[in-house]
Amino acid sequence: MGPSLFITVVYLDGFVNRKRDLSVNELAKYVIILVLNYILKVRTDTRGVYYCVLLFVAGMLCIKCSKLIRTRFLKNRLFRVLVIAAFIGLILISLYIGYNYSDGSAFYRALNAKLSNRLLLTRDAIKEFGIHLFGSKFEWRLYGYRGTPDYMFVDCSYWNIIIKNGIVIFLLMTAILLIIMKFLMDTNDIVTAWIFMVIMVRAMIDPQLMNIIFTPFILLIGNAIRYYYIHSDILSVAKRRIRKRELMNSEVH
């Protein structure tokens, strides 16, 4: 819980201060974040959060140091396509590796060991509960340790949602995330877009993607819907009709 709350606070700080230029105070803040991150890793052995914080800070320093990145990257069509491709690619890679895990592959065994048996648990959960359109009614078993019969939980957010909630909910979630990412690119909010990319990376090994406490940026879907509604052709037509009616009324009076 501690490391997850820590990285959420780091995300929120980046979001709140996303328009600030790099300064001595900002650099000092990132140094403090890195020190706290290392302390948490040593005390809790939570490697996923540790590496995601490093990735986040590295990206933030690049964004803050380069005016070109801040002002031009998200306006470039090729870069926008690459961002969406990377976004979808992270999900597809997670699904592919989890579904195709094999004990007979040295690569998969080594990767599974690095990920604390996460791949093995994903494969076993798929076999035990199956993949359904609207999910399955069951409870995760959290009473033992990874690798024991009393423990069954999928840490990958994407597979967790598919197995527990079903393909339909997973596709809806993916659509929501893509809409938010497109909204961030259309509004040139590169910092929040970067936060979202780090969240998607972490979702490959942590199950908290749809948890509002740890991923409050899901709520940006409201801003995205409002933005596209305001800029939609339907609304533009409605505005023109209202304006025309007002002009006609003013001429009559």
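As a reminder, the structure under discussion sits directly above these lines.
Residues numbered from 1 in each chain as written. Predicted model: local features only at pLDDT ≥ 70, side-chain atom pairs only at ≥ 80, totals over all residues. Heavy atoms only, no water.

### Some remarks on the overall build of the protein chain
At step 1: The helix and strand tally for the protein chain stands at twelve helices and two strands.
At step 2: Walking the protein chain from its N terminus toward its C terminus, one meets helices and strands in the order α-α-α-α-α-α-α-β-β-α-α-α-α-α.
At step 3: Buried residues in the protein chain amount to 40% of all 253 residues.
At step 4: Contacts spanning at least 24 positions in sequence make up 69% of the contacts within the protein chain whose residues lie at least 6 apart.
At step 5: With an accessible surface of roughly 14,900 Å², the protein chain has 65% of that area assigned to carbon and sulfur atoms. (Helix = DSSP H or I, 4+ residues; strand = E, 2+ residues; numbered from the N terminus. Buried < 20%, exposed > 50% of the residue type's maximum accessible area, 1.4 Å probe, protein only. Contact = heavy atoms within 4.5 Å. Areas by Shrake-Rupley, 256 points an atom, 1.4 Å probe, with all protein chains shown as cover.)

### Considering unusual backbone geometry
At step 1: Even without being a glycine, Asn117 presents a positive backbone phi close to 70°.
At step 2: Backbone geometry places Asn188, a non-glycine residue, at a positive phi of 55°.
At step 3: What makes Asn188 partly exposed here is its relative accessible area of 23%.

### Quick word on the nonpolar core
Proteins that are soluble and globular tend to have nonpolar side chains buried together.
At step 1: Counting 59 residues, the largest nonpolar core has Trp140, Tyr158, Ile163 and Phe196 as its most contacted members.
At step 2: Here this core takes nine residues from helix H10 (residues 190-202), the largest share from any one element.
At step 3: In contact with Tyr158, not counting residues within four places along its chain, are Leu90, Ile91, Ser94, Leu95, Phe170, Met173, Met200, Ala203, Met204 and Leu209. (Core = buried A, V, L, I, M, F, W, Y, C linked by side-chain atoms within 4.5 Å.)

### As for a nonpolar patch on the surface
At step 1: There is a patch of nonpolar side chains on the surface, built from Val31, Ile32, Val35, Leu36 and Ile39 and spanning about 420 Å² of accessible area.
At step 2: Looking at the element boundaries, Val35 is found in helix H2 (residues 24-44).
At step 3: Of the residues examined, Val35 reaches a relative accessible area of 45% and is grouped as partly exposed. (Patch = residues over 30% accessible without salt bridge, like charges linked within 9 Å, V, L, I, M, F, W, Y side chains within 5 Å. Salt bridge = Lys/Arg side-chain N within 4 Å of Asp/Glu carboxyl O.)

### A closer look at helix H11 (residues 220-230)
At step 1: Regarding H11, the residues found buried are Leu220, Ile221 and Ala224. All buried residues of H11 fall inside an arc of 105° around its axis, so they share one side. Exposed positions of H11 whose direction lies more than 90 degrees from the buried face are Ile225, Arg226 and Tyr229.
At step 2: Buried-residue contacts for H11 involve helix H9 (167-186) and H10. (Arc of directions from axis to C-beta.)

### Comments concerning the pattern of salt bridges
At step 1: What the rule picks out here adds up to eleven salt bridges.
At step 2: Residue Arg123 pairs with Asp103 through a salt bridge whose shortest N-O separation is 3.1 Å. Note that Arg123 is positioned in helix H7 (residues 118-129) and Asp103 in the loop between helix H5 (77-99) and helix H6 (106-114), a separation of 20 residues in sequence.
At step 3: Put simply, Asp13, Glu26, Lys29 and Lys64 are held in one network by salt bridges that share partners.

### Concerning the packing of aromatic side chains
At step 1: Evaluated as defined, the whole model comprises 13 aromatic pairs.
At step 2: When the centroid spacing of 5.9 Å and the interplanar angle of 75° are considered together, the rings of Tyr11 and Phe56 count as edge-to-face. On the criterion of sequence distance, the pair formed by Tyr11 in helix H1 (residues 2-16) and Phe56 in helix H3 (residues 47-65) is long-range, its members being 45 residues apart.
At step 3: For Tyr11, a relative accessible area of 1% gives the class buried.
At step 4: One aromatic cluster is present, formed by Tyr11, Phe15, Phe56 and Phe217 through successive ring pairs.
At step 5: One cation-aromatic arrangement involves Lys29 over Tyr30; the distance from NZ or CZ to the ring centre is 5.1 Å.
At step 6: Here the guanidinium or amino end of Lys41 rests over the ring plane of Tyr50, the centre of that ring lying 5.3 Å away. (Phe/Tyr/Trp six-rings, centres within 6.5 Å; stacked < 30°, edge-to-face > 60°. Lys NZ or Arg CZ within 6 Å of the ring centre and 35° of its normal.)

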